[in-house]
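Listed here are the chains, written in short residue letters.
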Amino acid sequence: MTDYAPTPEFTEQAVGQASLYDEAADHEAFWAARAREYVTWSQDFGTTLDWSDAPFAKWFVGGELNASYNCVDRHVEAGNGDRVALHVVGANGDDRTITYADLLREVSKAANALESLGVTKGDRVAIYMPMIPEAVIAMLACARIGAPHSVVFGGFSSDALKARIEDGEAKLVITSDGQFRKGKAMPLKEAVDRAVPGTTAGKVLVVKRTGIDVEWDDERDVWWHEVVDSASDQHEAPAHDSEHPLFILYTSGTTGKPKGILHTTGGYLTQCAYTNAVVHDVHPETDVYWCTADIGWVTGHSYIVYGPLANGATQVLFEGTPDSPHQGVFWEIVEKYKVSILYTAPTAIRTFMKWGADIPAKYDLSSIRVLGSVGEPINPEAWRWYREHIGGGSAPIVDTWWQTETGAIMNSPLPGVTTLEPGSSQRPIPGISAEILDDEGQPLTEPEKVGYLVLTKPWPSMLRGIWGDPERYKDTYWSRFGPEYYFAGDGAKYDADGNIWILGRVDDVMNVSGHRLSTAEIESALVSHPRVAEAAVVGASDETTGQAVVAFAILRQDGETGGAESDELVQELRNHVGQQIGPIAKPRQIMIVDELPKTRSGKIMRRLLKDVAENREIGDVTTLADSSVMNLIKDGMAKPS
Ligand code: 6R9
């Protein structure tokens, strides 16, 4: 039996010590102490938590701060201006080093430029960019002014971008001319040009990244290098209320319309900085930290931008993908920059496993001392491979469970304290309280009983609502088990040692390579195609991506089907989804069927379709309105195409 207890040497130097669990017995005093430990306040707060208007929380009431000041200025003021903030690894071989002093100048210039474009406190700014330092600078410039950013993943379609600009009523969009993908310059601004007309966005600020040709609207479009480079590098960071909105980030819900998750300043920054310190064990003077997420996802927000920069860490910012220019690029970067903390996703780890251990073995990975995982459950096999082949057989792995809504890490081992259990994110970190409830809302304590994960106490980085939809906020998160419990939407169980195992979403949300996609959203994209009458989408388990999108579509009667045409149509439908939502949403498989399995009340029984998609025996069909449907679907699948 392998012992995954921390070594005494690791424990001794660890930021997160066991005493934190004891200290957290007084919930509010614990968080008040973290807020003062990790954040510099321009005005100290009074009440730690105001929960009188639950589920609408206020944390660190009356406190004032500036998130950008906390992530940049204060490190320069403390004499650390020469410390590298970002080792920028470009996708085109053009690496750059940005120190904290450089970052302060760049963020100040960008803040001045945004103000010159008419952005003021409270205005929303959409950011649609590749993984370039200007994206980080733009986020921090928005935070500085108090203009909430809404970062839209650069892989999303122009339709998805438009919906997010409209919902957040963004005044400005920041983008780039293009982006490098596997060494090739691809357009990006083009999608913005299609998204912006008819929306509130009056200006588009464009970073020149690739130099490819772009359409230009003189009234609306402004080059970043023209307004930012010439702006003053002095910008006083104003103090904002602790509850001032910091950003909106859209995530998939159970209905087609994405939810704009709202985060505010003081509580969010506190929990991001604290968790990054105690979970990733960041020692800013000596560590080189690399989180491989994209800033378009919450992991990039909390663990590239706000957490590590608030802590004054040195990090790698990588513009590229794991397979370009070659399958060893991650390990080449680890070797070159002596990365000591690596935070990535199970889907990436499984891909590396598939490529083979001989690839990382060619590089010197001895600098690595902590590994992290996020985005979906990590299967024990991948966990062991990660530890063995990347972590030199000894690096602790922190499997961190959290969500866009929770803002920061909730369940995770502490690397200097916890004896690790491969595949489980184990237990709530100090300051967080979770339980598993059964269908009736009774707490489960017995091992191996499957229930629902809930959070039982408010936490500083919790979402403050869904943008523009307070009712949906209450319904989605605070009604399933009553107003005392935050319902996370994940199934979970305890093991005999009291570790929590997350079993995946219990709602109609899929997790593809760690990205949340809603079945309803993809179904409505399919149905928006003129040939499709009805569609059902399920997440089928997939060796590499965790889950894969599998769609079943019924065609309209007026069209022809069959033969070669149906292959072409399937391709066309896949592309249609890609265009409507983004390439990550493209179904792995689309099956053209004559019927869908439905209950008598007309609900599609996705459970049965999932059985088909995963090549399993079909489960209980007794609640189907027409039980012969499943035979038809199965027969259809068995037919060679
Ligand atoms: C940070 C992030 C949240 C959903 C969450 C859960 C799944 C994330 C996990 C995990 C098991 C982990 N999830 N981390 N499941 N173990 N360590 O991923 O946010 O994109 O909002 O997704 O991802 O299902 O509910 P988000």
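Sequence order as written defines the numbering, with residues in each chain counted from 1. The predicted nature of this model means local features are confined to residues of pLDDT at least 70 and side-chain atom pairs, given and counted, to a pLDDT of 80 or more, with totals for whole chains, interfaces and linings taken over all residues. The side-chain figures draw on all heavy atoms in the structure; neither hydrogens nor water molecules are used.

When at least one non-hydrogen atom of a residue lies within 4 Å of a molecule or strand, that residue is treated as near it. With respect to spatial proximity, 17 residues lie near the ligand, and among them Asp399, Thr404, Asp490, Arg505 and Arg516 are the closest. Polar contact criterion, stated in full: a pair of N or O atoms within 3.5 Å, where within protein one must be able to donate a hydrogen and the other to accept it, and residues adjacent in sequence count only if both atoms are side-chain atoms. Taking Asp490, its side chain carries an N or O atom lying 2.6 Å from an oxygen atom of the ligand. Surface exposure here means Shrake-Rupley accessible area, sampled with a 1.4 Å probe, where a residue is shielded only by the protein chains that are shown. Protein burial of the ligand: of its 530 Å² of free accessible surface, 97% is covered by the chains. Strands here mean DSSP runs of E at least two residues long; helices mean DSSP runs of H or I at least four residues long; both are numbered from the N terminus. Broken down by secondary-structure element, the contributors of at least two residues to the shell around the ligand are α11 (298-310), β20 (397-400) and β25 (500-505). Grouping the amino acids of the shell around the ligand by side-chain chemistry returns 6 nonpolar, 6 polar and 5 charged. Under this grouping Gly is polar, as are all residues other than the nonpolar Ala, Val, Leu, Ile, Met, Phe, Trp, Tyr, Cys and Pro and the charged Asp, Glu, Lys and Arg.

This brings us to the packing of aromatic side chains. The description of two aromatic rings rests on the distance between their centres and on the angle between their planes. Each Phe, Tyr or Trp ring (for Trp, its six-membered ring) is paired with any other whose centre lies within 6.5 Å, and the angle between the two planes then decides the class: stacked below 30 degrees, edge-to-face above 60, tilted in between. One pass over the structure, following the stated rule, counts 35 aromatic pairs. Between Phe330 and Trp331, the ring centres sit 5.9 Å apart and the planes meet at 70°, which makes this aromatic pair edge-to-face. Here the term buried applies to any residue with accessible area under 20% of the maximum for its type, exposed to any over 50%, and partly exposed to those in between, with areas from a 1.4 Å probe on protein chains only. Judged by relative accessible area, which is 1%, Trp331 ranks as buried. With a centroid separation of 6.1 Å and 55° between ring planes, the pair formed by Tyr473 and Tyr477 is classed as tilted. Taken together, the residues span about one helical turn, with Tyr473 and Tyr477 both in helix α15 (residues 470-478) at a distance of 4 residues. Across the pair, exposure class does not vary: Tyr473 and Tyr477 are buried alike. Grouped by ring-pair contacts, the aromatic residues Trp51, Phe56, Trp459, Tyr473, Tyr477, Trp478 and Tyr486 constitute a single cluster. Against the face of Trp501 rests Lys493, its NZ or CZ located 6.0 Å from the ring centre. By definition here, charges over rings are those cases where NZ of Lys or CZ of Arg is within 6 Å of the ring centre and within 35 degrees of the ring normal.

Where helix α4 (residues 67-80) contacts α11, the two axes come as close as 8 Å, and the packing angle between them is 50°. Between α4 and α11, the interaxial angle falls into the category oblique. As for the relative orientation of α4 and α11, their crossing is left-handed in sense. Note on element contacts: α11 touches α4 through Val305, Tyr306, Leu309 and Ala310, opposite Ala67, Asn70, Cys71, Arg74 and His75. Tallied by class, the residues present in the contact of α4 with α11 amount to 6 nonpolar, 2 polar and 1 charged. Angles here are taken between N-to-C directions and fall from 0 to 180 degrees, while the axes themselves are lines fitted to C-alpha atoms, restricted in helices to the stretch in contact. Should an angle fall under 35 degrees it is taken as roughly parallel, and over 145 as roughly antiparallel, whereas 65 to 115 is taken as roughly perpendicular and any remaining angle as oblique. Take the far helix as your reference; a near helix turned counterclockwise from it by less than a right angle gives a left-handed crossing, and one turned clockwise gives a right-handed crossing. Here, residues are in contact when the closest pair of their heavy atoms is within 4.5 Å.

Once that is clear, we can look at the domain arrangement of the chain. The domain architecture assigned to the chain consists of domain 1 (8-492) and domain 2 (513-638). Centre-to-centre separation of domain 1 and domain 2, based on C-alpha positions: 33 Å. Counting residues at the interface gives 25 residues for domain 1 and 19 residues for domain 2. Simply put, the buried area is the total loss of 1.4 Å probe accessible area from both parts when two parts are fitted together. When domain 1 packs against domain 2, the two sides together hide about 1,600 Å² of surface, and 45% of this comes from carbon and sulfur. Among the residues of domain 1 in contact with domain 2, Ser252, Trp297 and Thr347 are the three that bury the most area, contributing 27% of the side total. For the domain bounds, the source is a domain assignment made automatically or taken from a database.

Bringing the environment of Gly328 into the picture now. Of note, Gly328 is situated in the loop between β17 (314-318) and α12 (329-337). Residues Gly328 and Phe352, spaced 24 residues apart in sequence, show a C-alpha to C-alpha distance of 9.0 Å. With residues near it in sequence (within four places) discarded, Gly328 still touches Ile359 and Tyr363.

On to the pattern of salt bridges. In what follows, salt bridge is the name for a side-chain nitrogen of Lys or Arg lying within 4 Å of a carboxyl oxygen of Asp or Glu. Taken as a whole and assessed by the stated rule, the structure comprises 32 salt bridges. Two residues, Glu243 and Arg464, come together in a salt bridge whose shortest N-O distance is 3.0 Å. With Glu243 in the loop between β13 (240-241) and β14 (245-251) and Arg464 in the loop between β22 (451-455) and β23 (465-466), this residue pair connects regions lying 221 residues apart in the sequence. You can call Arg464 buried: its relative accessible area is 8%. With a shortest N-O distance of 2.6 Å, Asp507 and Arg505 are connected by a salt bridge. Bridged by salt links that share partners, the residues Lys189, Asp193, Arg220 and Asp221 form one connected network.

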